Amino acid sequence: MNVHDSEKIAGILSESDHGTAGSIEEADVIVLNTCSIRQKAEQKFYSELGRLRTLKKNNPDLKIAVAGCIAQQQGDAIFKKFPYVDFIFGPDNIDSLQTWISSRIQSTDNRQQKSALRENPGYQIKTLPMKRIGRVRAWVSIIYGCDNFCAYCVVPYTRGRERSRPCKDIYDEVVSLTGQGFKEITLLGQNVNSYGKNLPEKIDFSDLLRMVHEIVGLQRIRFVTSHPRDISEKLINTMRDLPKVCNHIHLPVQSGSDKILASMNRGYSYRDYKNKIDMLKAAIPDIAVTTDIITGFPGETDEDFQLTVNALSEIEYDGIFAFKYSERPDTKALALPDHIDETIKSERLSHILKLQEVITFKKNMALEGQELEILVEGMSETDDKNLTGRTLTNKIVNFRGDPDDIGNIVMIKVKEARQHSLYGEKVKSRK
Ligand code: SAM
Ligand code: SF4
């Protein structure tokens with residue numbers, strides 16, 4: 001989501017005639033887009049901002065803006081602590097960068113500008129200019145904010161209440177993207193499954209998928225993130241029936257313990273969750289499933305943690321993102337008893353990461369010798385002789401090929417499974 005917000009920020013800067021600087025030292029404007037999901041992300045931002053102090057000293061005309069969730073949460077406190085910051089705007093006020101940047105170009109006024117932060121939950125969603133990364137896959141926002149208030153999570157406080165984007169705006173954006181040659185879109189939101197709830201038109205996420213699926217030229221549709229509670233039979237059947245919808249779902253479980261899930265306010269038990277996975281696998285047998293896990297949530301005993309380990313072994317995810325529980329301002333979890341020692345959180349984290357490495361590699365090995373359809377995204381970042389793309393199940397495949405294949409669907413025979421990717425050989429192309 002932040003990467004996509006940065007595409008909007010870059011789009012606004014490009015429209016106001018700001019190109020990309022060769023290095024940070026050469027920049028006239030620096031915008032730091034921040035994340036506050038975990039403490040580590042926040043610390044990274046503060047050390048980066050500290051480094052910019054010297055740049056501003058050497059170049060008093062340099063403009064520094066802070067965007068994103070830390071900006072939203074800290075507000076004017078950032079101005080007080082870092083007097084060399086010129087402008088602050090939150091994730092719901094990215095459009096305010098347009099006004100700020102044009103007034104800055106015209107004026108020599110060097111005073112800090114009032115921050116642009118969401119105060120009104122009825123904020124109108126605008127379509128902003130964008131400078132996209134790549135030319136094959138694109139992000140498309142469909143729903144903003146979140147109403148779930150999971151006990152550990154800062155998102156509802158920083159990104160505000162849930163608001164769905166009108167389906168016509170989404171449709172028009174995807175039509176425009178396919179016109180520009182993009183082949184794959186990822187529909188984006190904190191909880192895409194609750195799409196449509198607050199719209200005047202009667203539409204849900206499955207209906208939106210069907211609508212977008214009709215767009216000629218679009219080859220693949222993905223979406224993140226789904227909330228397990230809101231996965232419906234209708235959505236599963238829609239995923240099964242629409243060939244452009246990729247065979248992958250990211251379904252964060254967070255924990256395998258019902259006690260912890262209840263205390264996290266997730267709204268499902270592990271059994272409910274597993275039933276949804278079973279329904280998905282019954283409808284789409286080769287579906288890949290990935291998840292998010294938190295270790296060391298307050299009150300997590302060894303027995304609770306063992307239930308998470310059991311869940312990983314039982315479900316055999318294709319991949320996981322796992323994190324140590326991190327205390328976040330305003331969240332309900334702060335007040336819970338029995339916070340867990342950092343060392344135990346780390347030990348539990350490394351235990352499940354190791355377990356998952358074995359599972360992921362085993363799953364990758366099972367693909368050796370198979371022919372898979374991949375959408376070629378570009379040159380590999382690690383080897384400029386290789387092209388890279390993804391399978392329908394979101395596995396990265398590198399192969400020796402012709403740059404003319406970028407943007408095409410090609411068939412690949414998997415030659416070698418690696419820990420985080422596959423290596424293959426092109427069999428034939430399909431435009
Ligand atoms: N909306 C999505 C969902 O419900 O799964 C994703 C939200 S969040 C941006 C991505 C992941 O960060 C979450 O699934 C959770 O595992 C993790 N996360 C959020 N808050 C956290 C915290 N305080 N400490 C550790 N991990 C956290
Ligand atoms: Fe955070 Fe929960 Fe909302 Fe996801 S669903 S953004 S974890 S509050």
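Being a predicted model, the structure only gives us computed values, none of them experimental.

Focus: unusual backbone geometry
With an omega of -10°, the peptide bond running from Val 224 to Thr 225 counts as cis. With respect to the secondary-structure elements, Thr 225 resides in the loop between strand S8 (220-224) and helix H9 (233-241). Although it is not a glycine, Gln 254 sits at a positive phi angle of roughly 75°. Positionally, Gln 254 belongs in the loop between strand S9 (248-250) and helix H10 (258-264). For Asp 330, which is not glycine, the phi torsion reads 75° and is therefore positive. Inspection of the secondary structure puts Asp 330 in the loop between strand S11 (319-324) and helix H13 (342-365).

Overview of the state of the cysteines
Evaluation of the coordinates by the stated rule reveals 0 disulfides. Left without a disulfide partner, Cys 35 is nearest to the cysteine sulfur of Cys 69, which lies 6.4 Å away.

Points about the nonpolar core
Among the nonpolar cores identified, the biggest contains 52 residues, and Leu 187, Phe 205 and Leu 208 are the most heavily contacted of them. A total of 5 residues in this core trace back to one element, the largest contributor, which is helix H12 (residues 302-315). If near-sequence neighbours (up to four positions away) are discounted, Leu 208 is found in contact with Ile 142, Cys 167, Ile 170, Leu 187, Tyr 195 and Ile 203. Leu 32, Leu 55, Val 85 and Ile 88 belong to the second largest nonpolar core, which has 19 residues in total.

Overview of the environment of Trp 100
Mapped onto the secondary structure, Trp 100 falls in helix H5 (residues 96-106). A residue is classified by how much of its surface remains accessible, and Trp 100, at 0% relative accessible area, is buried. For the pair Trp 100 and Ile 88, spaced 12 residues apart in the sequence, the C-alpha separation amounts to 9.9 Å. Setting aside its immediate chain neighbours within four residues, Trp 100 contacts Val 29, Lys 63, Ala 65, Asp 86, Phe 87 and Gln 113.

Focus on the site of ligand 2
Residues in close proximity to ligand 2 include Cys 146, Asn 148, Phe 149, Cys 150, Tyr 152, Cys 153, Val 155, Pro 156, Gln 190, His 227 and Arg 266, which together make up its full environment. Looking at the shell around ligand 2 residue by residue, the class counts come to 7 nonpolar, 3 polar and 1 charged.

Considering the pattern of salt bridges
For the structure on display, the rule yields 32 salt bridges. The partner of Asp 92 in a salt bridge is Arg 163, and the shortest N-O contact between them spans 3.3 Å. Separated by 71 residues along the polypeptide, Asp 92 in the loop between strand S3 (87-89) and H5 and Arg 163 in strand S6 (residues 163-164) bring together distant segments of the chain. For the pair formed by Asp 92 and Arg 163, the shared burial category is buried.

Definitions and limits used
Residues numbered from 1 in each chain as written. Chains lettered and ligands numbered in written order. Predicted model: local features only at pLDDT ≥ 70, side-chain atom pairs only at ≥ 80, totals over all residues. Heavy atoms only, no water. Helix = DSSP H or I, 4+ residues; strand = E, 2+ residues; numbered from the N terminus. Disulfide = S-S within 2.5 Å. Core = buried A, V, L, I, M, F, W, Y, C linked by side-chain atoms within 4.5 Å. Buried < 20%, exposed > 50% of the residue type's maximum accessible area, 1.4 Å probe, protein only. Contact = heavy atoms within 4.5 Å. Near = heavy atom within 4 Å. Nonpolar A, V, L, I, M, F, W, Y, C, P; charged D, E, K, R; others polar. Salt bridge = Lys/Arg side-chain N within 4 Å of Asp/Glu carboxyl O.

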